[in-house]
Amino acid sequence: MGYQFLTVVRYSLRKNIIAIFVLIGLIVYGGYEYYQKSLPGTSQMARSNSGEIKTGIQKGQQAPDFALTDLQGNQVQLSDFEGKRVLVNFWATWCPPCKVEMPHMQNIYNDYQTKDVVILGVNMTLTEENPDAVDEFVNEQQLTFPIVMDKDGDVMQTYEIMAYPTTYLLDANGVIREKFQGAISYEIMEKYLSELD
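About the criteria used
Residues numbered from 1 in each chain as written. Predicted model: local features only at pLDDT ≥ 70, side-chain atom pairs only at ≥ 80, totals over all residues. Heavy atoms only, no water. Disulfide = S-S within 2.5 Å. Buried < 20%, exposed > 50% of the residue type's maximum accessible area, 1.4 Å probe, protein only. Axes fitted to C-alpha atoms, helices over the stretch in contact; angles between N-to-C directions. Helix = DSSP H or I, 4+ residues; strand = E, 2+ residues; numbered from the N terminus. Parallel < 35°, antiparallel > 145°, perpendicular 65-115°, else oblique. Left-handed = near helix turned anticlockwise from the far one by under 90°. Contact = heavy atoms within 4.5 Å. Nonpolar A, V, L, I, M, F, W, Y, C, P; charged D, E, K, R; others polar. Expected span 1.5 Å × (residues − 1). Bend = angle between axes of the 7 residues up to and from the residue. Polar contact = N/O pair within 3.5 Å; in protein donor to acceptor, adjacent residues only side chain to side chain. Pairing = 2+ DSSP bridges. Core = buried A, V, L, I, M, F, W, Y, C linked by side-chain atoms within 4.5 Å. Phe/Tyr/Trp six-rings, centres within 6.5 Å; stacked < 30°, edge-to-face > 60°. Patch = residues over 30% accessible without salt bridge, like charges linked within 9 Å, V, L, I, M, F, W, Y side chains within 5 Å. Areas by Shrake-Rupley, 256 points an atom, 1.4 Å probe, with all protein chains shown as cover. Salt bridge = Lys/Arg side-chain N within 4 Å of Asp/Glu carboxyl O. Lys, Arg positive; Asp, Glu negative; His and termini not counted. Charge placed at Lys NZ, Arg CZ, Asp CG, Glu CD.

(A) Fine view of the state of the cysteines. According to the stated counting rule, one finds one disulfide in the structure shown. Two residues, C95 and C98, share a disulfide whose sulfurs are 2.3 Å apart. Residues C95 and C98 are joined by a disulfide whose S-S torsion is about 80 degrees; by sign, that bridge is right-handed. Assigned by exposure class, C95 and C98 land together as buried.

(B) Looking closely at the packing of helix α2 (residues 96-112) against helix α5 (residues 186-194). The interhelical angle for the contact between α2 and α5, taken along N-to-C directions, is 40 degrees, at an axis separation of 9 Å. Viewed along their axes, α2 and α5 adopt a mutual orientation that is oblique. Our pair here, α2 against α5, has a crossing hand that is right-handed. For the pair α2 and α5, contact is made by H104, M105, N107, I108, D111 and Y112 and by Y186, M189, E190 and L193, respectively. For the contact of α2 with α5, the residue count by class is six nonpolar, two polar and two charged.

(C) Representation of α2 within the structure. Relative to the 24 Å expected for 17 residues at 1.5 Å per residue, α2 spans 25 Å between its end C-alpha atoms, a close match to the ideal helical length. Of all the bends found along α2, the most pronounced is centred on M102 and spans about 30 degrees, while P103, a proline, follows it within four residues. Here the buried face of α2 lies against β3 (85-91), β4 (117-123), α3 (132-141), β6 (166-170) and α5.

(D) Quick peek at the environment of P165. Residue placement: P165 occurs in the loop between α4 (154-158) and β6. By relative accessible area, P165 is classed as buried at 0%. In this structure the C-alpha to C-alpha distance between P165 and M124, which are 41 residues apart in sequence, comes to 9.8 Å. Those residues within four positions of P165 in sequence are excluded, and the remaining contacts are N89, F90, C95, P97, C98, E101, F180, Q181, G182 and A183.

(E) A look at the side chain of Q106. Relative to the elements of secondary structure, Q106 occurs in helix α2. At a separation of 2.8 Å, a polar atom in the side chain of Q106 contacts the side chain of N110. Apart from the residues within four sequence positions on either side, Q106 is in contact with Q142, L143, T144 and F145.

(F) Representation of the sheet that holds β4 within the structure. Strand order in the open sheet formed by seven strands is β2-β1-β5-β4-β3-β6-β7, and the pairing between neighbours is mixed. Looking at the sheet topology across the chains shown, the edges are occupied by β2 (75-77) and β7 (176-181). Geometrically, the sheet is characterised by an average inter-axis angle of 30 degrees between neighbouring strands, direction not taken into account. By the bridge criterion, seven bridges tie β3 to β4 in an arrangement that is parallel.

(G) Summary view of the nonpolar core. Counting residues in hydrophobic clusters, the biggest one holds 47 residues, and the most contacted among them are F66, L78, V88, F90, Y159 and Y168. At six residues, the largest contribution of residues to this core is made by α2. If we skip the residues at most four places from it in the chain, F90 touches V122, M124, V155, M156, Y159, I161, P165, T166 and Y168.

(H) Highlighting the packing of aromatic side chains. In the structure shown here, the tally under the stated rule is eight aromatic pairs. On the basis of an interplanar angle of 70 degrees and a centroid distance of 5.0 Å, the ring pair of Y159 and Y168 is categorised as edge-to-face. Like Y159, the residue Y168 is buried in the burial classification. Taking the centre distance of 5.1 Å and the plane angle of 70 degrees together, the rings of F180 and Y192 count as edge-to-face.

(I) How the structure looks around a negative patch on the surface. The grouping of D132, D135, E136 and E140 at the surface amounts to a negative patch. Structurally, the position occupied by E140 is in helix α3.

(J) Main features of the pairing of strand β1 (residues 67-70). Sheet analysis places β1 next to β2, joined by three bridges and oriented antiparallel. Residue pairing in the sheet places A67 in a bridge with Q77 of β2. Hairpin geometry of β1 and β2 is characterised by an intervening segment of four residues between the two adjacent antiparallel strands and by a positive phi of about 90 degrees at G73.

Here's what the structure looks like:
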């Protein structure tokens, strides 16, 4: 009886210690994120010692270039859109928030394409159960902006996509100005695009 009691106490204590370490880790990470955002100049572009903008996936860095194939089999490269503001949207057909967001993306594309704004939809094809569903989804949603297929998940990995959808807002020089995790509305896109005018 006493041995069983001690075993239960040890097990409970071990679980509590693990939970405390996880909690401390989350607090430290949250503090670090807050500190990074509150530093003066963090919204400025990240430059190397030579004065060039560093390539990376943080705000102020040059977005990593990539080339993927669109639904018609054509190669599309991110750098093809240099000189335009670009919303790079990572999405999948099985993702409910992506479905909610897509009409907003299409409306922004319709209203802003003459103002040098591009939506580049990156389908996370590696996560799709059936890649043929992408064509069906695009037709159902009546999407006309460029859609490319990340079949191997390389671009998804480069951009460290953890939440679905995720959208990067790039300025006309390809520099990341904002990153949105989760669905965003027309109004949010419009607000941040107008700040790049």
